[in-house]
Amino acid sequence: LVPPLIEKVSNAKVAVRKAASQALSSHISSTRHLPGLLDQLLRLGVRSPDWRHRQAALLFLSLPNATLAAAAADAELRPPLREVVAAAVGALSEPNTAVSSSAA
């Protein structure tokens, strides 16, 4: 479920991107496997070889998300969240300005 959603978040059509972002947000709020989902978001989005996927994943992560905000209080979720934050900070120095500006 998650890999196609991550790919669709970078779709050229605004309606597809919006629907994918909403579906991914819903999945994040209802999953019992948030660490695995964060790992997929990192691997397939933020660390993707495709700059469009990197840009879209960073934009998605910049959206307000109560589940991710609450996850910071959970000791089990802190390590994967640290990886997400480290990847986002690392993207600030990305040579592709579309990606680095999305990380800001």
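These remarks concern the structure in this document. This one's a predicted model, so the numbers in the text were calculated from it and none came from an experiment.

1. Quick notes on helix α6 (residues 78–91)
Here α6 is 14 residues long and its end C-alpha atoms lie 20 Å apart, about the 20 Å a rise of 1.5 Å per residue gives. Of the positions making up α6, those classed as buried are P80, L81, V84, A87 and A91. Burial along α6 is one-sided: seen end-on, the buried residues are contained in an arc of 120°. Exposed side of α6, more than 90 degrees from the buried face: R82 and V85 are the residues found there. For α6, the secondary structure elements touched by its buried residues are α3 (34–46), α4 (51–62), α5 (66–71) and α7 (97–103).

2. Some thoughts on the nonpolar core
Membership of the largest hydrophobic core comes to 26 residues, with the highest contact counts inside it found for L24, I28 and L34. Among the elements that line this core, the one with the most residues is α3, at six residues.

3. Observations regarding empty space enclosed by the protein
This model, assessed by the stated rule, comprises one cavity of 30 Å³ or more. Of the voids in this model, the largest cavity is the one considered here, and its volume is about 30 Å³. Residue lining of the largest cavity: I6, V9, L24, L41, H53, A56, A57 and F60, and that is the complete set. For the lining of the largest cavity, the element with the most residues is α4, which contributes four residues. Residues of the lining of the largest cavity, tallied by class, amount to seven nonpolar, one polar and no charged.

4. Side note on the side chain of S21
Note on placement: S21 falls in helix α2 (residues 14–30). Among the residues examined, S21 registers a relative accessible area of 14% and is labelled buried. Sequence-distant contacts of S21, that is, excluding residues within four places in its chain, are made with V9 and F60.

5. Thoughts on α3
When we look at burial in α3, the residues that qualify are L34, L37, L38, L41, L42, G45 and V46. Buried residues of α3 fall within an arc of 140° about the axis and therefore sit on the same side. Contact partners of the buried residues in α3: α1 (2–8), α2, α4, α5 and α6.

6. Details of the packing of α3 against α6
Between α3 and α6, whose axes approach to 9 Å, the crossing angle comes to 20°. Taken together, α3 and α6 sit at an angle that is classed as roughly parallel. Judged by the twist between their axes, the crossing of α3 over α6 is left-handed. Residues P35, L38, L42 and V46 of α3 form the contact with α6, whose participating residues are P80, L81, E83, V84 and A87.

About the criteria used
Residues numbered from 1 in each chain as written. Predicted model: local features only at pLDDT ≥ 70, side-chain atom pairs only at ≥ 80, totals over all residues. Heavy atoms only, no water. Helix = DSSP H or I, 4+ residues; strand = E, 2+ residues; numbered from the N terminus. Expected span 1.5 Å × (residues − 1). Buried < 20%, exposed > 50% of the residue type's maximum accessible area, 1.4 Å probe, protein only. Arc of directions from axis to C-beta. Contact = heavy atoms within 4.5 Å. Core = buried A, V, L, I, M, F, W, Y, C linked by side-chain atoms within 4.5 Å. 1 Å grid on protein atoms, 1.4 Å probe; cavity = no way out; pocket = protein on both sides within 12 Å on 5 of 7 lines; lining within 4 Å. Points joined across faces, edges and corners; volume = space filled by probe spheres on them. Nonpolar A, V, L, I, M, F, W, Y, C, P; charged D, E, K, R; others polar. Axes fitted to C-alpha atoms, helices over the stretch in contact; angles between N-to-C directions. Parallel < 35°, antiparallel > 145°, perpendicular 65-115°, else oblique. Left-handed = near helix turned anticlockwise from the far one by under 90°.

Everything listed here is a matter of geometry and, on its own, says nothing about what the molecule does.
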